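Residue strings, one per chain:
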Amino acid sequence: MSSSYRNFFGFSKEPFSADIEIKNIIQTPEIKAINDRFDYAVTLGSIALVTGEIGAGKSTALRWIVAQLHPSRFRPIWITASTGSILEVYRQILAEFEINTATSSRATLTRMIKKQISELALKRIQPVLVIDEASLLRLEVFAELHTITQFEGDSKPWLPIILIGQNNLADNLLHRSATPLASRIVARRHLESVNREKMDTYLVHHLKIAGLKNTPFEDAAVTAIFQGSGGIFRKANHLARGSLIAAAADQSQTVNVEHVRLAASEIF
Ligand SMILES: Nc1ncnc2c1ncn2[C@@H]1O[C@H](COP(=O)(O)OP(=O)(O)OP(=O)(O)O)[C@@H](O)[C@H]1O
Ligand SMILES: [Mg+2]
């Protein structure tokens with residue numbers, strides 16, 4: 001797809017991109033609400049749950065929150081879950097400590113993880129395990145994951161966990177085998193889609209960080225992007241970028257509803 005629209009509109013970089021820098025993440029009230037729950041779970045050494053629609057901004061919110069943690073006091077351990085076994089999850093956690101192992105012994109792997117966590121606790125550094133895409137985890141993983149949080153007969157809550165995932169994550173946690181994990185959840189937040197006004201602010205913000213002062217989007221185009229995206233950021237990114245490309249192909253410095261409609265016909 002043509003990138004000449006960037007020159008046409010005068011962008012200094014790709015607008016509406018996924019690799020948004022931490023300093024450019026909008027600190028929405030939603031992020032603040034998630035941050036409060038994050039802090040609460042960390043203080044208690046428990047578990048917090050963050051759910052939301054695909055592309056609503058869950059990972060971005062957590063990226064911002066984790067970036068605020070002072071490295072001398074906190075040790076974030078960020079893993080992106082897969083559909084693999086618990087062994088894979090354990091290996092992913094160890095890889096974050098730069099420990100690579102081929103062992104298939106659950107006992108050995110949990111011992112190795114707990115050793116790392118205990119060492120951090122001794123140094124008064126707070127580990128926080130963040131599991132993104134946790135809705136992909138198998139039930140077998142949910143059934144066992146809590147065991148790595150048990151220190152000294154469950155009396156030392158050294159390893160808080162933040163689970164991030166789509167809406168079915170909450171359903172999975174209702175499963176009987178997930179009860180030990182679910183019983184440790186102390187806070188949860190569902191990331192909602194945004195309203196028309198916030199979508200407007202969002203679009204202007206992304207235009208600005210890509211070097212554009214004035215918005216080329218007509219009011220009706222903003223409404224169309226809002227409606228077409230259902231208030232979901234990633235979908236809005238695609239519609240906004242697609243409609244800019246359509247407008248540039250039209251040699252039009254303004255983006256109208258028809259441009260958004262054309263963009264919508266190319267995405268899911
Ligand atoms: N607070 C924000 N400020 C600026 N841009 C944002 C913000 N939140 C999300 N975005 C934009 O929306 C896009 C989608 O967000 P993100 O990847 O965090 O969604 P997600 O909920 O984690 O999606 P998935 O369910 O697919 O994992 C990001 O790539 C970014 O461009
Ligand atoms: Mg994500």
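The shown structure was predicted, so the numbers you read here are calculated from the model rather than taken from an experiment.

A. Seen up close, the site of ligand 1. Around ligand 1 there are 21 residues in total, and I26, G55, K58, S59 and T60 lie nearest to it. Between ligand 1 and K58, the relevant distance is 2.7 Å, taken from an oxygen atom to a side-chain nitrogen or oxygen of the residue. T60 has a polar side-chain atom sitting 2.5 Å from an oxygen atom of ligand 1. Contact with the protein chains removes 93% of the 630 Å² of surface that ligand 1 exposes when unbound.

B. Summary view of the sheet that holds strand β5 (residues 185-191). With parallel pairing, the five strands of this open sheet are ordered in space as β2-β3-β4-β1-β5. The outermost strands of the open sheet, each flanked by one partner alone, are β2 (74-80) and β5. Between one strand axis and the next, the sheet turns by 15° as a mean value, whatever way the strands run. Across three bridges, the pairing between strand β3 (residues 126-132) and strand β4 (residues 161-165) is parallel. Along β4, the bridge assignment pairs V130 with I162. Relative to the sheet, helix α3 (residues 58-67) contacts β1 (47-52), β2, β3, β4 and β5, its axis offset from that of β2 by approximately 160°.

C. Summary view of the layout of surface pockets. Considered as a void within the structure, the largest pocket measures approximately 810 Å³ in volume. In terms of lining, the largest pocket is formed by 37 residues, of which the most central are G55, A56, G57, T60 and F233. If you list the elements that add at least two residues to the lining of the largest pocket, you get α2 (29-44), α3, α9 (196-209) and α11 (233-249). Classifying every residue of the lining of the largest pocket by side-chain character gives 14 nonpolar, 14 polar and nine charged. Mapping the lining of the largest pocket onto the domain boundaries places at least three of its residues in each of domain 1 (4-18 + 195-264) and domain 2 (29-191).

D. View of the pattern of salt bridges. According to the stated counting rule, one finds 13 salt bridges in the structure shown. Across the pair R241 and E14 runs a salt bridge whose closest N-O atoms are separated by 3.5 Å. Of this pair, R241 sits in helix α11 while E14 sits in the loop between α1 (4-9) and α2, placing them 227 residues apart in sequence. According to the relative accessible area criterion, R241 is buried, its value standing at 18%. Measuring nitrogen to oxygen at the nearest pair gives 3.0 Å for the salt bridge that ties D36 to K32. In this pair, D36 and K32 both sit in helix α2, four residues apart, roughly one turn of the helix. Residues joined by salt bridges that share partners form a network here, namely R6, E14 and R241.

E. Broad picture of the packing of α2 against α3. Taken N-terminus to C-terminus, the directions of α2 and α3 make an angle of 55°; their axes are 10 Å apart at the nearest point. By the criterion of interaxial angle, the relationship of α2 to α3 is oblique. The two elements α2 and α3 meet at a crossing, and its hand is right-handed. Contact residues: α2 offers I31, I34, N35 and F38, while α3 offers A61, L62, W64, I65 and V66.

F. View of empty space enclosed by the protein. Here the structure, examined in full by the defined rule, presents one cavity of 30 Å³ or more. The volume enclosed by the largest cavity comes to roughly 80 Å³. Around the largest cavity sit K13, E14, P15, F16, S17, D19, I20, E21, N24, H206, I209 and A210, which together line it. For the lining of the largest cavity, the residue count by class is five nonpolar, three polar and four charged.

G. Structural view of the domain arrangement of the protein. Each assigned domain of the protein is listed with its residue range as follows: domain 1 (4-18 + 195-264) and domain 2 (29-191). Once you take the C-alpha centre of each, domain 1 and domain 2 turn out to be 36 Å apart. On the side of domain 2, five residues touch domain 1, which itself brings four residues to the contact. Buried area between domain 1 and domain 2, summed over both chains or domains, comes out near 370 Å², and the portion from carbon and sulfur atoms is 59%. The three residues of domain 1 that bury the most area against domain 2 are I232, F233 and R234, which together make up 82% of that side's buried surface. Here domain 1 is connected to domain 2 by zero salt bridges.

About the criteria used
- Residues numbered from 1 in each chain as written.
- Chains lettered and ligands numbered in written order.
- Predicted model: local features only at pLDDT ≥ 70, side-chain atom pairs only at ≥ 80, totals over all residues.
- Heavy atoms only, no water.
- Near = heavy atom within 4 Å.
- Polar contact = N/O pair within 3.5 Å; in protein donor to acceptor, adjacent residues only side chain to side chain.
- Areas by Shrake-Rupley, 256 points an atom, 1.4 Å probe, with all protein chains shown as cover.
- Pairing = 2+ DSSP bridges.
- Helix = DSSP H or I, 4+ residues; strand = E, 2+ residues; numbered from the N terminus.
- Axes fitted to C-alpha atoms, helices over the stretch in contact; angles between N-to-C directions.
- Contact = heavy atoms within 4.5 Å.
- 1 Å grid on protein atoms, 1.4 Å probe; cavity = no way out; pocket = protein on both sides within 12 Å on 5 of 7 lines; lining within 4 Å.
- Points joined across faces, edges and corners; volume = space filled by probe spheres on them.
- Nonpolar A, V, L, I, M, F, W, Y, C, P; charged D, E, K, R; others polar.
- Domains from an automatic or database assignment.
- Salt bridge = Lys/Arg side-chain N within 4 Å of Asp/Glu carboxyl O.
- Buried < 20%, exposed > 50% of the residue type's maximum accessible area, 1.4 Å probe, protein only.
- Parallel < 35°, antiparallel > 145°, perpendicular 65-115°, else oblique.
- Left-handed = near helix turned anticlockwise from the far one by under 90°.
- Buried area = accessible area lost by both parts, 1.4 Å probe.

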